[in-house]
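One-letter residues, chain by chain:
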Amino acid sequence: MRNVGRNVVRGLVGLTAVFNIVLGIAFLVDPAQMGLAFFITAFGTQGLATMRADFTAFFLTGGIFALVAAWRAWRTPLLVPLCLLSIAITGRAISLVADGAPGKAFPPMVIEAVMIAVIALGWLSFSRENGR
């Protein structure tokens, strides 16, 4: 029965990974459109290049490490998406205090909080790389 629960967690971490990988690829392919979905706009070609580079790096890195963790049921790779998402949600919380709290601020925070919870569950469920 323990393996069934672990496999469910692997699936949830894997879905989280794929979600982030898709976002990363979308930023690589069409940063202007993705920027609008994230309420940001680029200033010229360098702005597009920055969005293409930075957002792609953020989402692909977190997604790839989460995917490796899910595939192998290893917890150590989960440190990368945990750090990325924790820093991101902290930045959003600081922004709420510094800039105010419009209604549109909360849905991304909920999504990040859910992803953090899923990845933390993976951390608790998965083994170290040596099989323990």
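Our structure is the block above this text.
On a predicted model such as this, the values are computed, not experimentally measured, just so you know.

**Student:** How would you explain the overall build of the protein chain if you had to name every residue and give the values?
**Tutor:** Across its full length, the protein chain carries five helices and zero strands. When the helices and strands of the protein chain are listed from N to C terminus, the series reads α-α-α-α-α. Each principal axis of the C-alpha atoms in the protein chain carries an extent, and together these give about 50 × 30 × 20 Å. The buried share among the 132 residues of the protein chain stands at 32%. Put simply, of all contacts in the protein chain between residues at least 6 apart along the chain, 69% involve residues at least 24 apart.

**Student:** So what about the packing of helix H3 (residues 44-72) against helix H4 (residues 79-99)? Which residues, and what values?
**Tutor:** At a closest axis distance of 8 Å, the pairing of H3 and H4 adopts a crossing angle of 140°. Judged by the inter-axis angle, H3 sits oblique to H4. Read as a crossing pair, H3 and H4 show a hand that is left-handed. Taking contact as the criterion, the partners of Phe58, Thr61, Gly62, Phe65 and Ala66 in H3 are, on H4, Val80, Pro81, Leu84, Leu85 and Ala88. Of the residues contributing to the contact of H3 with H4, the split by class is eight nonpolar, two polar and no charged.

**Student:** An account of the pattern of salt bridges is requested, with residue identities and associated values reported.
**Tutor:** Per the stated rule, a full pass over the model turns up one salt bridge. In this structure, Arg92 and Glu112 form a salt bridge, with 2.9 Å as the shortest nitrogen-oxygen distance. Separated by 20 residues along the polypeptide, Arg92 in helix H4 and Glu112 in helix H5 (residues 106-125) bring together distant segments of the chain. Residue class for Glu112 comes out buried when judged on its relative accessible area of 8%.

**Student:** Which residues make up the environment of Ala120, and what are the values?
**Tutor:** Its place among the elements puts Ala120 in helix H5. Taking the relative accessible area as the measure of exposure, Ala120 reaches 28% and is therefore partly exposed. Taking the C-alpha atoms as reference, Ala120 lies 27 Å from Gly103; in sequence the two are 17 residues apart.

Here is what the cut-offs are and how they apply
- Residues numbered from 1 in each chain as written.
- Predicted model: local features only at pLDDT ≥ 70, side-chain atom pairs only at ≥ 80, totals over all residues.
- Heavy atoms only, no water.
- Helix = DSSP H or I, 4+ residues; strand = E, 2+ residues; numbered from the N terminus.
- Buried < 20%, exposed > 50% of the residue type's maximum accessible area, 1.4 Å probe, protein only.
- Contact = heavy atoms within 4.5 Å.
- Axes fitted to C-alpha atoms, helices over the stretch in contact; angles between N-to-C directions.
- Parallel < 35°, antiparallel > 145°, perpendicular 65-115°, else oblique.
- Left-handed = near helix turned anticlockwise from the far one by under 90°.
- Nonpolar A, V, L, I, M, F, W, Y, C, P; charged D, E, K, R; others polar.
- Salt bridge = Lys/Arg side-chain N within 4 Å of Asp/Glu carboxyl O.

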